[in-house]
Amino acid sequence: MGRRGGSGSQSVAKVVAVFLAAFVAVHPPLKLWVPWAAESFVASIIGRPWGWRQHPWQPLADVPVPPTRVNTINATELAAGATVDLTRPLLVRGAATAEALELFSVEALQRPPLGDVVIDYFVDATRSGHLVPDGRARLGDVVRNITLGAPHKIGSQYVVSRHGCCPDRAERAKTLEALLPRPLARALGGERRFSTTALDLSLLTVPLFVAGTPVGARPRTDLHSEPIASVAVQLRGSKRWTLVDAGRSAVVRPRPSPDGRAYFRSALHDSEVDRIEGRYEVETAAGDMLYVPPWTWHAVAYDSTDVSVAASLFHFVPSPFIR
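Everything in this summary refers to the structure shown in the same document. (Residues numbered from 1 in each chain as written. Predicted model: local features only at pLDDT ≥ 70, side-chain atom pairs only at ≥ 80, totals over all residues. Heavy atoms only, no water.)

**Quick notes on the environment of Trp297**
Okay, step 1: Mapped onto the secondary structure, Trp297 falls in strand β15 (residues 297-301).
Okay, step 2: Residue class for Trp297 comes out buried when judged on its relative accessible area of 0%.
Okay, step 3: Taking the C-alpha atoms as reference points, Trp297 and Leu243, 54 residues apart in sequence, are found 5.4 Å from one another. (Helix = DSSP H or I, 4+ residues; strand = E, 2+ residues; numbered from the N terminus. Buried < 20%, exposed > 50% of the residue type's maximum accessible area, 1.4 Å probe, protein only.)

Take a look at the structure:
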């Protein structure tokens, strides 16, 4: 009986394996992403990027091409039920609440309790290809240095968590509501995706991004892609975004993340990005909200003369993940 049970389990496992292999073979997006995911897994083990095949890259345009306009809507219209396309980036004007602006002001980020949260940060965010934090300090100290002109950049999910602003569940719920009011949450995929329960289960993370503009240099985030959707709420200053649909990934030339984390980076040089046909370019100003669909490539430049503060609600969307 034991042998029969073991044999039966092995047969079931083989059938499942064959089914998954066949599904990947006939599913175009997975045929592209699975090899890259496997390379990323290997890279996380050996500690450096690694790949075993030549990818079928698509060519760039011969000359720079104008960007595509990002669909834009007012927060009031969106909350009232206006139909929007969530397979493309969406800019929402006038979305940030007064509560959120106060909760995450530069002054509040330097005071306890937020200022005492220990975070990882980028010591010099002006460097190209710099996607892994290399510093660790108190949030208040890093923010103060940024206001004084240091080229640091913060991108930490610990600020909006039970370890940061909100040890109490009710406080976490209040903070999420301030960042993304329920009517907007419903319009952008449903309240459950942005709930306290989702945050506590890590189905939702809310990294806080802070950077300034030191003299003679500009902090940046290089072109990369993640398997999650994001709602980026600009609370102060501004950021300039470049976005590329996931369907253009063969033009972007993905490579595994250098540290094995769940994102892909682009192998393109900065001078080549403006030759991507169909890319989007948009600037988020204080009060704006930008919806970024899953797998969408995005790069950020901090060009404002003011300190930029933004919070992004990273959330998992099952259907686009496998579509």
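**Examining the layout of surface pockets**
Okay, step 1: Within this model, the largest pocket holds a volume of roughly 930 Å³.
Okay, step 2: For the largest pocket, the lining is made up of 35 residues, of which Gln157, Pro207, Glu226, Arg261 and Phe314 are closest to its centre.
Okay, step 3: For the lining of the largest pocket, the class distribution of residues is 19 nonpolar, 11 polar and 5 charged. (1 Å grid on protein atoms, 1.4 Å probe; cavity = no way out; pocket = protein on both sides within 12 Å on 5 of 7 lines; lining within 4 Å. Points joined across faces, edges and corners; volume = space filled by probe spheres on them. Nonpolar A, V, L, I, M, F, W, Y, C, P; charged D, E, K, R; others polar.)

**Here we look at helix α7 (residues 169-179)**
Okay, step 1: Buried within α7 are the following residues: Arg172, Thr175, Leu176, Ala178 and Leu179. For α7, the arc enclosing every buried residue in end-on projection is 160°, short of the 170-degree limit, so these residues lie on one face. With respect to the buried face of α7, the exposed residues turned more than 90 degrees away are Ala170 and Lys174. (Arc of directions from axis to C-beta.)

**As for the pairing of strand β10 (residues 238-244)**
Okay, step 1: The buried count for β10 comes to 6 of 7 residues, which makes it a mostly enclosed element.
Okay, step 2: In terms of strand pairing, β10 meets strand β13 (residues 280-285) through 6 bridges, oriented antiparallel. If you follow Lys239 over to β13, its bridge partner there is Thr284.
Okay, step 3: As defined by bridge partners, β10 adjoins β15 across 5 bridges and the pair is classed as antiparallel. By the bridge assignment for β15, Val244 is matched with Trp297. (Pairing = 2+ DSSP bridges.)

**Points about the state of the cysteines**
Okay, step 1: Within the structure shown, the criterion is met by 1 disulfide.
Okay, step 2: Between the sulfur atoms of Cys165 and its disulfide partner Cys166 the distance amounts to 2.1 Å. Here the disulfide of Cys165 and Cys166 is left-handed, its torsion about the S-S bond being about -65°. Cys166 carries the same exposure label as Cys165, and that label is buried. (Disulfide = S-S within 2.5 Å.)

**Focus on helix α6 (residues 139-147)**
Every α-helical turn comprises 3.6 residues, leaving residues that sit three or four positions apart pointing alike.
Okay, step 1: Considered for burial, the residues of α6 that qualify are Leu139, Gly140, Val142, Val143 and Ile146. Down the axis of α6, the buried set is contained in an arc of 165°. They therefore lie on one face.
Okay, step 2: Elements that come into contact with the buried residues of α6 comprise α5 (106-110), β3 (118-122), β4 (135-138), β5 (153-156) and β7 (208-211).
Okay, step 3: One or two steps after α6, the chain reaches Gly149, where phi turns positive at roughly 105°. (Contact = heavy atoms within 4.5 Å.)

**What about the packing of aromatic side chains?**
Okay, step 1: Following the criterion strictly, the structure yields 2 aromatic pairs and no others.
Okay, step 2: Geometrically, the ring pair formed by Phe209 and Phe314 is tilted, given 6.5 Å between the ring centres and 50° between the ring planes. Placement of Phe209 in strand β7 and of Phe314 in strand β16 (residues 308-315) is noted, with a sequence separation of 105 residues between them. Exposure class is identical for Phe209 and Phe314. Each is buried.
Okay, step 3: Aromatic pair Phe264 and Trp295: ring centres 6.1 Å apart, planes at 45°, arrangement tilted. Of this pair, Phe264 sits in strand β12 (residues 264-266) while Trp295 sits in the loop between β14 (289-292) and β15, and the two are 31 residues apart along the sequence.
Okay, step 4: The buried category is assigned to Trp295, whose relative accessible area is 10%.
Okay, step 5: When the ring centre of Phe122 is taken as origin, the NZ or CZ atom of Lys153, which lies over that ring, is 4.4 Å away. (Phe/Tyr/Trp six-rings, centres within 6.5 Å; stacked < 30°, edge-to-face > 60°. Lys NZ or Arg CZ within 6 Å of the ring centre and 35° of its normal.)

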